[in-house]
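# Fold and geometry: a report
The primary structure of each chain is shown beneath.
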Amino acid sequence: MANMPPMQSFPEFIKYLWQRLGSMSLAIILLVVLSVASVIGTVLLQNQDQTDYLQQFGPLWYWVFRSLGLFDMYHTWWFLTILGFLMLSLTSCLWRNVPKMLKEMRSRKATVSAKALKRFNYLKQWQLSSETDTNALQESLRQRLQGWEFRLVEEGDTQYLRADKGRWNKWGYILVHSAILVILVGGWMGAQYGFRGNMAVPEGKSEKEISFLQGTETGHLTMPFEVRCNSFSIDFFPTGAPKEFRSNLTIIDGGKEVLTSDIIVNEPLYYKGVRIYQASFGDGGSDITFKLFHMDGSEAITTAKTQVYKSWIDTDTGISLKITDFKPYNVENMANPGEPKKFQDLGPAVEYEMRGPGLKAVKIKAFMNPFIDADGNNQGSFLMISLSGDKADYKPVALGLDLTNKDEWKLFHAFLRHLAALTENGKQTKEANLEAFKAAMTEVFGDNRPKGFQQMAMRTLQAVNMLPQLPWPILPMLDDFNQHYYTGLQLAQDPGMNVVWIGSALLVIGLCIMFYMPHRKLWLIIKPNDAGIQVSLAGMANRNHLVFNKDFHDLFTKMDNDFASFSS
Amino acid sequence: MTAITAESGFPAMLNQGRISYLRFAAYLGAMAGIAALAMFGVTAYEEDAFLYQILSLKGLVWGGSGALAAAGLAVVAATMKPELLNAKSARNITPWLDGFVLMVILAAVWALFEPAKDQISYDNQSNLFAGRIIMAMNVIFIFSAVSYIAYLFAPESFIGRVATWSAYTGVYLGGSALLLRWHESYLFNMEIGHAPVSNLYEVFILLFCITAAVYLALEKRYQAKAMGAFVMTLVAAGVFFGIWLDSVGQADIKPLVPALQSYWMKIHVPMNFVGYGSFAVACGAGMAYLVRYRLEANGGKSKMLAIFPSLDQLDQLAYKAVAIGFPAFTLATILGAAWAAEAWGGYWSWDPKETWALIVWLIYGAYLHARVSHGWHGKALAWWAVAGFLVTVFCFLGVNMYLSGLHSYGQLS
Ligand code: HEM
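We now turn to the structure provided with this report. Note that this is a predicted model, so its numbers are computed, not measured.

So, on to the coordination of the iron atom of the ligand. In ideal tetrahedral geometry, four donors around a metal make angles of 109.5 degrees, whereas ideal octahedral geometry with six donors gives angles of 90 or 180 degrees. Bound to the iron atom of the ligand are the protein donor atoms A:H177 (NE2) and B:H369 (NE2), situated 1.8 to 1.9 Å from the metal. One can describe the donor arrangement at the iron atom of the ligand as octahedral, given that its six donor atoms subtend angles of 85 to 179 degrees at the metal. Of this pair, A:H177 sits in helix 7 (residues 170-193) while B:H369 sits in helix 12 (residues 352-372), placing the two residues on different chains. When sorted by exposure, A:H177 lands in the same class as B:H369, which is buried.

As structure tokens, this is what we get:
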């Protein structure tokens, strides 16, 4: 502000401010400030759980950041103020420049004073004899400059031929800078009059309300119609990766079904100005049947029916299961660390939290099918257990037995009984194991030994070592399911969106005009003097001097040749 | 009045007058024909199998008729308006389209070397031929960078020619390898097939080719060979990163996650890399500027100065590169917004990638303004071009590595 002029009056001060607003240096500062400010919101994850922030930064910094609005910084007053300043600045510079530019584009002053001629970037002069045909001179320039506009003015005995290319270049400036304004206005309209939120609709159910984050809180909004999810499905690539998420939706408006349609990611549905997008999915409360294996040696198997998101309590043992999720496919990397990844679908699994008197609460993922290894061997049923309750801590636990086979459960108990009878102080020897297994086989299967009983023996042995270690009185395994998904939809309405697209189109068109259609001006000035006639070729370009430099030199060389034929 | 005049002999003839004009018309017609196939073809437009259709008999018929029709129209138009024959757009754009056609032909030739169908497995992709072409490209680009640097110290025109030609070779190898990879993605399974712009490894190759191509275009027009030492060194550095990506198993063709299954991907991603590539060239020009500035400050006796473009020219070259990159990047960002609007329900969500794209855009916007306004001169602007590219690199790589967001295609896992 060193060069601030003395202020005579308030209006003059306002005028001064207005001009500063439209200055290029302010524009540069605004652009840099805006970009630096934008960095903050990318480093600091936005719109997370407040408790996470508190944990991450501690109380002091949490409050500092929160009061600056850094957890939702692109909507804070100070960020919007910078954008507001950008708009003001743009308006000011357009206001000042547009009339000037329009006038300049219209005017095609052809005459050039001798003094002005010296200031041209490009100038070349020839001295020709007085007999030269000036029309032919002009014609040779016109021939060389296809697609240029020409204007001829004679003033006294001097001829001025002006040639223009890209005369409308300044429209590029006008378009680009107004386009930014248009886009910002469109963005503001969307923020002011639009909405965007999520709803989760279980299969077969309908929903009317969306929820969305509003600063640090959750807001709700009721839609003018209801959305029913008829079905949700996932399609897979042969590699097991998901290929498509598809929801079949029905829109119910005023109690009537008005529209039924499928949506997938990238192909939303449009109804009453609202776009409905496939955003996510999850379990919508699938029916789950558990088989409960009683671990008290009673051999008992009971069943329990429940649903995802519900809790089931066993009155006898006081064990409670809180079902948290169900997935029909569980594609896992089965390769050892260091080997190339190898994905395999392990089949349906249910996740639950198990609590009970005297037990440490654990999170369990129980699979329905036994694990079949790469060689096709049945390795028995298995679980994943997370002692901390964190999904990242899941550890696989091979149970040994294939619990989908009732006979194996029987065999296991028979084996334990025979083993106890055969050995003293429970010491296992190879012979005792074999003997006990044989006896157990005969007890369960009679003389018809099933195929693959050798593997069954391995599994039983493993189970003997494994199952007694589990502290739970019952072992809940997934037995059956009837799956329902919920589809996660995003609903959005943005009345400013088309304004933004119009602004964007103007921006791109404007940029192309600005950069690729530079305004170039050439003058051919033919002026008689004592020695004959003096011919000057002068040019200027408003940008892209590198190209123009080259083009001018090419042109000069050609004109040199052309004029050579006249001067002789 | 363009650089074409500097050429002579056969290539010049091909790029002038009616031959260039007719070819341009035919290319446009072929594109229109293929677009028509996409929209009105007998079997409806199958988005991701489209490359297959283009390279089939059907594609030939539609594209060929388009080309013929357009060439016919062009002849009629030229008899009525002869100056069309010298249209600058035809002369400027046709060589690029020629290059593209050459890449398609190369890719078709490479496809002959593919292993037999029963030898191709998704789990082990190491025998696919594109991998070998890409390795050749890597070597060639590094060789080119070394040659350009050698040219600085030993400005023999032979070394310069070798450098330039190896850079061209690299571009054609890379471009055709990507096309071949597109084809290969369909070999496993029609469902897996997709355009080769879906992960970091693929877009890296695209970036090398675009950077080198933008640089070569400037080199050809403005004889700015010394700049190549800087641009191609950037490319070579990228090549090492690409080799590393390959070595950690990031080079495999993988099916597209549902969010990326959109035609927007095919235009948004390449357009972005026209921006990134141009900014890399601007950075190279900026570095050349700073080096020359240094050499001049040290007394200006270095022999290298003779082959460097002047400071003013380097300044202009950086500007020229930004003038290519800025509109492309603007368009790419807008296309990204359009895609986001279609896939996620909002054109702008302040996702880290989006925000960094905005930051890059603002930085180059500020650069352009700084050029126009007084007070900012060559050296500061050269630094700006270099710093701007560092921000660009962060937008391209850093965001994927350090910040989370929706743009997971480039995630290093
Ligand atoms: C996000 C905002 C803006 C963008 C994207 C933008 C874009 C541009 C571009 C691309 C140029 C052309 C530079 C060149 O030819 O090398 C330009 C020039 C210019 N801009 Fe901006 N601008 C923005 C904001 C502003 C603001 C806020 C002002 C006013 C204070 C401003 C004033 C100017 C002026 C005076 C020129 C020179 C025009 C000429 O001489 O042709 N710009 N702008």
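For the rest of this paragraph, the subject is the site of the ligand. The full set close to the ligand counts 24 residues, and A:C93, A:H177, A:R543, B:Y319 and B:H369 are the nearest of them. Around the ligand the close residues trace back to chains A and B. Contacts to the ligand include A:K170, whose side-chain N or O atom sits 3.2 Å from an oxygen atom. Between a nitrogen atom of the ligand and a side-chain N or O atom of A:H177, the distance comes to 2.7 Å. Those elements that place two or more of their residues in the shell around the ligand are helix 2 (24-43), helix 4 (77-106), helix 7 and helix 11 (497-516) of chain A together with helix 11 (311-343) and helix 12 of chain B. Sort the elements by how many residues they give to the shell around the ligand and helix 7 of chain A lands first, with five residues. Residues belonging to the shell around the ligand are distributed by class as follows: 16 nonpolar, six polar and two charged.

This part is about the pattern of salt bridges. The final tally for this structure, using the stated rule, is 22 salt bridges over all chains. The salt bridge partner of A:K272 is A:D253, with a shortest N-O separation of 2.7 Å. Linking A:K272 in the loop between strand 9 (269-271) and strand 10 (274-283) with A:D253 in strand 7 (residues 242-253), this pair joins segments that are 19 residues apart in sequence. By relative accessible area, A:D253 is classed as buried at 15%. Residue B:D315 is joined to B:R371 by a salt bridge in which the shortest nitrogen-to-oxygen separation is 3.1 Å.

Residue and element names in this part refer to chain B. Orientation of helix 10 (residues 263-297) relative to helix 11, taken along the N-to-C sense of each, is 160 degrees, at an axis distance of 7 Å. Classified by the angle their axes make, helix 10 and helix 11 are roughly antiparallel. For helix 10 against helix 11, the interelement crossing comes out left-handed. Here the residues of the contact of helix 10 with helix 11 are counted per class, giving 29 nonpolar, six polar and four charged.

Attention now goes to the packing of aromatic side chains. Counted under the stated rule, the structure contains 52 aromatic pairs over all chains. Both rings, one in A:F65 and one in A:F71, keep their centres 6.4 Å apart while their planes meet at 80 degrees; by these two values the pair is edge-to-face. Note on accessibility: A:F65 and A:F71 belong to one class, buried. Aromatic ring contacts, followed pair by pair, group B:F141, B:F204, B:F208, B:F241, B:W244, B:F273, B:Y276, B:F279, B:F329, B:Y364, B:Y367 and B:F396 into a single cluster. The positively charged end of A:R449 is found above the aromatic ring belonging to A:F453, 5.4 Å away from the centroid. A cation over a ring is seen here: B:K225 above B:Y151, with NZ or CZ 5.8 Å from the ring centre.

Okay, the sheet that holds strand 11 (residues 287-294) of chain A next. The pairing of strands in a sheet comes from backbone hydrogen bonds and takes either a parallel or an antiparallel form. Residues and elements named next belong to chain A. Read across the sheet, three strands follow the order 12-11-21 without closing on themselves; strand pairing throughout is antiparallel. Since the sheet does not close on itself, it has two edges, and those belong to strand 12 (301-307) and strand 21 (474-482), each with one partner. Taken over all neighbouring pairs, the strand axes of this sheet differ in orientation by 25 degrees on average, direction set aside.

Our focus in this paragraph is the interface of chain B and chain A. Contact with chain B, which involves 64 residues of that partner, is made by 56 residues of chain A. Between chain B and chain A, a total of about 5,000 Å² is buried, with carbon and sulfur atoms accounting for 68% of that surface. Here chain B and chain A share zero salt bridges between them. On inspection of chain B and its partner chain A, the count reaches three residue pairs in polar contact (both at pLDDT 80 or more). Within the residue set of the side of chain B that touches chain A, elements represented by two or more residues are helix 8 (200-222), helix 11 and helix 12 of chain B. Sort the elements by how many residues they give to the side of chain B that touches chain A and helix 11 of chain B lands first, with 18 residues. Of the residues assigned to the side of chain B that touches chain A, the class counts are 41 nonpolar, 17 polar and six charged.

Cut-offs applied
Residues numbered from 1 in each chain as written. Chains lettered and ligands numbered in written order. Predicted model: local features only at pLDDT ≥ 70, side-chain atom pairs only at ≥ 80, totals over all residues. Heavy atoms only, no water. Donors = N, O, S within 2.8 Å, 3.2 Å for Na, K, Ca; no water. Tetrahedral: all angles 85-135°; square planar, octahedral: opposite > 155°, others 65-115°. Helix = DSSP H or I, 4+ residues; strand = E, 2+ residues; numbered from the N terminus. Buried < 20%, exposed > 50% of the residue type's maximum accessible area, 1.4 Å probe, protein only. Near = heavy atom within 4 Å. Polar contact = N/O pair within 3.5 Å; in protein donor to acceptor, adjacent residues only side chain to side chain. Nonpolar A, V, L, I, M, F, W, Y, C, P; charged D, E, K, R; others polar. Salt bridge = Lys/Arg side-chain N within 4 Å of Asp/Glu carboxyl O. Axes fitted to C-alpha atoms, helices over the stretch in contact; angles between N-to-C directions. Parallel < 35°, antiparallel > 145°, perpendicular 65-115°, else oblique. Left-handed = near helix turned anticlockwise from the far one by under 90°. Phe/Tyr/Trp six-rings, centres within 6.5 Å; stacked < 30°, edge-to-face > 60°. Lys NZ or Arg CZ within 6 Å of the ring centre and 35° of its normal. Pairing = 2+ DSSP bridges. Contact = heavy atoms within 4.5 Å. Buried area = accessible area lost by both parts, 1.4 Å probe.

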